[in-house]
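Tertiary structure, described
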Amino acid sequence: MSEPILRVRNLKKYYKSGSMFGKKETVRAVDGVSFELNHGETLAIVGESGCGKSTAVKALIRIVEPTDGEILLEGEDFRTLSGAKLQAARRNIKMIFQDPYSSLNPRMTVRDIIAEPIDIDHAWKTRQEREEIVLNTMQEVGLDPSYADRYPHEFSGGQRQRIGIARAIIQRPKVVICDEPVSALDVSIQAKIINLLREIQRKQDISYIFISHDLGVVEHIANRILVMYLGHVVEEGRTEDIFAHPAHPYTRLLLNSIPKIGKPTDDESVLLEGDLPSPANPPHGCVFHTRCPYAEARCSQDAPGMKTIDGIHRCACFLDTSADISHADLAMNS
Ligand code: SF4
């Protein structure tokens with residue numbers, strides 16, 4: 001297999017925040033996240049709202065500066081780049097945002113919104129060349145080129161997300177980060193946008209990092225899944241392995257929360273209970289122990305490291321998840 005296009009090692013993002021007593025607290029939003037992204041694959045990062053997944057990718061793309069860690073994009077340390085080198089590297093790593101409307105300037109035409117990245121980079125020689133690039137990109141994302149003079153408010157939610165996708169892919173990036181790209185859309189539109197992303201990936205060999213709280217959506221697009229909880233990765237593996245044999249108790253509870261036909265949705269015993277602890281005051285030991293139905297005494301004292309279950313399937317839990325967690329729980333997922 002070729003070298004991964006992206007390697008992230010021990011990525012951290014800490015914030016300082018004020019507390020009730022005026023003392024500064026350290027919020028550990030992302031606390032030592034590592035992963036690799038291969039050419040042409042889709043890696044999903046999943047977890048509840050507040051688990052650190054969006055902050056992790058913002059730190060990765062340096063929308064917020066990471067506190068620590070290594071980000072190697074095609075072997076080059078993205079974290080240490082500045083000036084023209086950073087601008088050049090940013091051509092290869094783009095982002096699609098959750099809310100297509102708020103991420104589009106309402107006073108700009110669709111033509112100018114989509115062209116913005118190539119305008120900033122002076123990546124065209126004539127107005128005609130610019131026009132061809134923009135109109136071709138509109139066609140690639142299923143937008144009628146005759147709409148180029150319209151403004152964002154004249155489009156539906158799905159069409160606005162297509163505009164956001166066009167702007168992200170116009171420079172043929174190698175990595176696109178999709179931050180909850182369909183969660184603001186109707187279910188019928190979600191499927192169309194997912195299919196569009198897959199088609200673009202097939203044609204352009206783009207690698208996606210797909211952020212989502214919705215495992216039902218992730219199942220249809222991801223090759224691999226990274227499960228995050230309170231700033232940490234607690235499980236990773238191929239999509240089919242995570243769905244067929246979820247190892248971490250948190251992953252199992254997340255999967256149980258997906259509504260399924262014929263499965264009672266009001267059975268509290270199989271759903272995730274309690275609130276996510278504050279990242280300013282994370283639990284000692286295993287970060288999940290305050291909500292884990294299988295927690296033992298050692299779980300509140302020591303933090304489990306990542307251990308290999310099978311091939312690339314890894315999990316951070318003390319239990320031998322194939323033996324220690326009852327098979328009745330597994331049956332609830334099926
Ligand atoms: Fe639960 Fe303990 Fe495993 Fe953490 S280490 S997930 S608390 S059983």
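Quick look at the structure, then. (Residues numbered from 1 in each chain as written. Predicted model: local features only at pLDDT ≥ 70, side-chain atom pairs only at ≥ 80, totals over all residues. Heavy atoms only, no water.)

Turning next to the packing of aromatic side chains. A ring pair, where both rings are aromatic, is described by two values, the distance of the centres and the angle of the planes. Inspection of every chain in the model, using the stated rule, returns four aromatic pairs. Each ring, one from tyrosine 147 and one from phenylalanine 155, has its centre 5.9 Å from the other, and the planes form 65°; the classification is edge-to-face. Among the aromatic residues, those joined into a ring-pair cluster are Tyr229, Tyr250 and Phe288. Above the ring of tyrosine 15, the side-chain terminus of lysine 13 is found at 5.0 Å from the ring centroid. Sitting over the ring of tyrosine 14, arginine 28 keeps its end group 4.8 Å from the ring centre. (Phe/Tyr/Trp six-rings, centres within 6.5 Å; stacked < 30°, edge-to-face > 60°. Lys NZ or Arg CZ within 6 Å of the ring centre and 35° of its normal.)

Of all the six residues making up strand S9 (residues 224-229), six are buried; the element is thus mostly covered by neighbouring parts of the structure. In S9, alternate side chains face the same way, and those of Arg224, Leu226 and Met228 on one face and Ile225, Val227 and Tyr229 on the other are all buried. Pairing geometry for strand S3 (residues 42-46) and S9, over four bridges, is parallel. Bridging across to S9, valine 46 finds its partner in valine 227. The sheet contact formed by S9 and strand S10 (residues 232-238) spans six bridges and is antiparallel. Within the sheet, the bridge partner assigned to arginine 224 lies in S10 and is arginine 238. (Buried < 20%, exposed > 50% of the residue type's maximum accessible area, 1.4 Å probe, protein only. Helix = DSSP H or I, 4+ residues; strand = E, 2+ residues; numbered from the N terminus. Pairing = 2+ DSSP bridges.)

Another aspect to go through is the site of the ligand. As a structural note, the neighbourhood of the ligand is formed by His248, Pro249, Cys286, His289, Cys292, Tyr294, Ala295, Cys299, Pro304, Cys317, Phe318 and Leu319. Class assignment for the residues of the shell around the ligand results in ten nonpolar, two polar and no charged. (Near = heavy atom within 4 Å. Nonpolar A, V, L, I, M, F, W, Y, C, P; charged D, E, K, R; others polar.)

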